[in-house]
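# Structural overview for review
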Number of protein chains: 2
Amino acid sequence: MTEVTRRVGRPAKAVLTRARIGSAALELVDATGDFTLPELARRLGVQTASLYHHVDGRAGIIEVLREQVSDAMDAIALEDGPWDLALARYFRSYRQVFATHPRVVPLLTTATVRSEKVIRAYDRMVARLGEAGIPAERAMRILTALDNFVIGSALDLAAPDVMWEVPDDVEAPALSAALAAQPTNRKRADEAFEEGLTRLLASVTAEYGASASVGEAAR
Amino acid sequence: MTEVTRRVGRPAKAVLTRARIGSAALELVDATGDFTLPELARRLGVQTASLYHHVDGRAGIIEVLREQVSDAMDAIALEDGPWDLALARYFRSYRQVFATHPRVVPLLTTATVRSEKVIRAYDRMVARLGEAGIPAERAMRILTALDNFVIGSALDLAAPDVMWEVPDDVEAPALSAALAAQPTNRKRADEAFEEGLTRLLASVTAEYGASASVGEAAR
DNA sequence: ACCTGAACACCGTTCAAGT
DNA sequence: ACCTGAACACCGTTCAAGT
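Residues numbered from 1 in each chain as written. Chains lettered and ligands numbered in written order. Predicted model: local features only at pLDDT ≥ 70, side-chain atom pairs only at ≥ 80, totals over all residues. Heavy atoms only, no water.

## Quick word on the interface of chain A and chain B
Tallying the contact residues gives 58 residues for chain A and 58 residues for chain B. Together, the buried faces of chain A and chain B total about 5300 Å²; carbon and sulfur atoms form 64% of this surface. Looking only at chain A, the three residues that lose the most surface to chain B are Met140(A), Trp164(A) and Arg199(A), adding up to 14% of its buried area. Summed over the shared surface of chain A and chain B, the number is ten salt bridges. Where Glu165(B) meets Arg114(A), a salt bridge forms, and the shortest distance between an N and an O atom there is 2.5 Å. At the junction of chain A with chain B, the criterion picks out 23 residue pairs in polar contact (both at pLDDT 80 or more). Listed by contribution, the elements that provide at least two residues to the side of chain A that touches chain B are helix H5 (116–131), helix H6 (136–157), helix H7 (173–180) and helix H8 (185–208) of chain A. Broken down by element, the residue count for the side of chain A that touches chain B peaks at 16 residues, all from H6(A). Across the side of chain A that touches chain B, the residue classes break down as 32 nonpolar, ten polar and 16 charged. (Contact = heavy atoms within 4.5 Å. Buried area = accessible area lost by both parts, 1.4 Å probe. Salt bridge = Lys/Arg side-chain N within 4 Å of Asp/Glu carboxyl O. Polar contact = N/O pair within 3.5 Å; in protein donor to acceptor, adjacent residues only side chain to side chain. Helix = DSSP H or I, 4+ residues; strand = E, 2+ residues; numbered from the N terminus. Nonpolar A, V, L, I, M, F, W, Y, C, P; charged D, E, K, R; others polar.)

## Quick look at the domain arrangement of chain A
Residue and element names in this part refer to chain A. Annotation of chain A at the domain level lists domain 1 (14–71) and domain 2 (74–216). Relative to domain 2, the C-alpha centre of domain 1 lies at a distance of 28 Å. Domain 1 puts 15 residues into the contact, and the matching count from domain 2 is twelve residues. Both sides together, the interface formed by domain 1 and domain 2 hides about 1200 Å², and carbon and sulfur atoms give 63% of it. When the buried area of domain 1 at its contact with domain 2 is split by residue, Asp30, Arg66 and Val69 rank highest and sum to 43% of it. In this assembly, domain 1 and domain 2 are joined by zero salt bridges. Along the contact surface separating domain 1 from domain 2 lie five residue pairs in polar contact (both at pLDDT 80 or more). Looking at the side of domain 1 that touches domain 2, the elements that each hand over two or more residues are helix H1 (18–32) and helix H3 (57–71). Counting residues per element, the side of domain 1 that touches domain 2 draws most heavily on H3, which supplies seven residues. (Domains from an automatic or database assignment.)

## Details of the relation of the copies chain A and chain B
Between chain A and chain B, the superposition needs a rotation of 180° and an axial shift of 0.0 Å, giving an RMSD of 0.0 Å. Viewed as a symmetry operation, the transformation between the two copies matches a two-fold axis. (Least-squares fit on C-alpha atoms with pLDDT ≥ 70 in both.)

## Notes on the environment of Asp169(B)
All names here are of chain B. Turning to its location among the elements, aspartate 169 is positioned in the loop between helix H6 (136–157) and helix H7 (173–180). Using a relative accessible area of 63% as the deciding quantity, one classes aspartate 169 as exposed. Sequence spacing of aspartate 169 and aspartate 34 is 135 residues, and the spatial spacing of their C-alpha atoms is 34 Å. (Buried < 20%, exposed > 50% of the residue type's maximum accessible area, 1.4 Å probe, protein only.)

## Observations regarding the packing of H8(A) against H6(B)
For any two helices packed against each other, the geometry is given by the interaxial angle and the distance between the axes. For the pair H8(A) and H6(B), interaxial distance at closest approach is 8 Å and the crossing angle is 70°. Classified by the angle their axes make, H8(A) and H6(B) are roughly perpendicular. Between H8(A) and H6(B), the contacting residues are Arg188(A), Glu191(A), Ala192(A), Glu195(A), Gly196(A) and Arg199(A) on the first element and Arg138(B), Arg141(B), Ile142(B), Thr144(B) and Ala145(B) on the second. (Axes fitted to C-alpha atoms, helices over the stretch in contact; angles between N-to-C directions. Parallel < 35°, antiparallel > 145°, perpendicular 65-115°, else oblique.)

## Digging into the protein's contact with DNA strand C
In the vicinity of DNA strand C, 25 residues are found, and the nearest of them are Arg10(A), Ser50(A), His53(A), His54(A) and Arg10(B). The separation between a phosphate oxygen of DNA strand C and a polar main-chain atom of Val15(A) is 2.7 Å. One nitrogen or oxygen atom from the main chain of Leu16(A) is found 3.1 Å from a phosphate oxygen belonging to DNA strand C. Each residue belonging to the surface near DNA strand C can be placed in one class, and the counts come to eleven nonpolar, nine polar and five charged. (Near = heavy atom within 4 Å.)

## Overview of the layout of surface pockets
In this approach the atoms are scanned with a rolling probe the size of a water molecule, which exposes any empty space left behind. The space that makes up the largest pocket amounts to roughly 1100 Å³. Every residue lining the largest pocket is counted, 34 residues in all, and those nearest its centre are Pro106(A), Leu107(A), Leu108(A), Thr109(A) and Thr110(A). For the lining of the largest pocket, the elements supplying multiple residues, two or more each, are H3 of chain A together with helix H3 (57–71) of chain B. The biggest single contributor to the lining of the largest pocket is H3(A), with six residues. Looking at the lining of the largest pocket, its residues break down into 15 nonpolar, eight polar and eleven charged. (1 Å grid on protein atoms, 1.4 Å probe; cavity = no way out; pocket = protein on both sides within 12 Å on 5 of 7 lines; lining within 4 Å. Points joined across faces, edges and corners; volume = space filled by probe spheres on them.)

Below is the structure:
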């Protein structure tokens, strides 16, 4: 028999914090692929309504999740070395964070970027592209393209085990052979990310110049 | 006063079809960004439970949405001409479909591809990359990279009006200047898509050879 | 300020009953 | 086979009451 002490009213010390809610939510999403407020509250040993004292409902918890992954990104990556290697480092860390928490990606796909850390990172990237002689307008286009690619690649990490399933009555010999030759799903996703990131950055480098090959430096 | 005729039991002719449900769902998502079964049923003039006779609940309706957008893609694009131009045509039509229905994109981000039409398209792309001298393993990697980029670019279409919002207390001069120089959100998204697609395909072309520049042919 | 318990509107799904 | 009406479990959100 466990003795349950029922408490009513404000506790001497707050039992919840934004941070505690955030890490519990992250754990829950990592484990199940989604979260509900009642389940989250249960894991934290509180009532569902208690969460509202710290975050703005379900949308607020998604915000906390976004903050957590944003903070894990390597902003220092952008400071030193040639710009192309700096961007490569940053976007690799960007994707690496999502590789650790793939199931949160679908929850974060559409929202305005407000995180100070992420804003600063993009500012730094625009600046570094400018130093490399790329005009601001073009820099924004390149950054958005890279961003789209990385987000798509992050979503790929949350993909089901079988990404393409050829039905029995459909003939797709080339695709079937290519799929059969594939390594694990994760390896495929990793390789495709490197393939695209390297090609995109190398293409820009070829046009505007930089110190070394991105692919080379990855080894 | 409208006369309402209450009908019970099976009607002489089925009032619902998969197709009717699908187009009503697409309209609803286009208009509101999401859908619920009760609201969909209301628009179709039936009870919520009636939907279950034609589709497998909410997940089934998302499946129908996926079929609808998949069917709108230009599969013939892959048949003729140099492989790089063929792929460019296909991926442009791919993204064009989502540009017409941007708000459905977030609903379709993670699921196994089973659509015969899409499977055939990917088979065709692997085959054409093979003809160009690209080994199957590498072809799959390139295709996945392109796919990730296009999905990310499609999500970009569903992005809020302000993609990056620099808080008042944060200094991001380079980013702010670049954002100020931006045209409309849609134009930014369009340009970034072309930027990335062109660079990715040109990079592969440079390595394996093809007939003409992708960027050139786009004009 | 912070937690509880109860209430409310709403959603997805199931099923017996009717033609 | 296909539609209805009712039922059920569950979810997100609100709010008065308690310390």
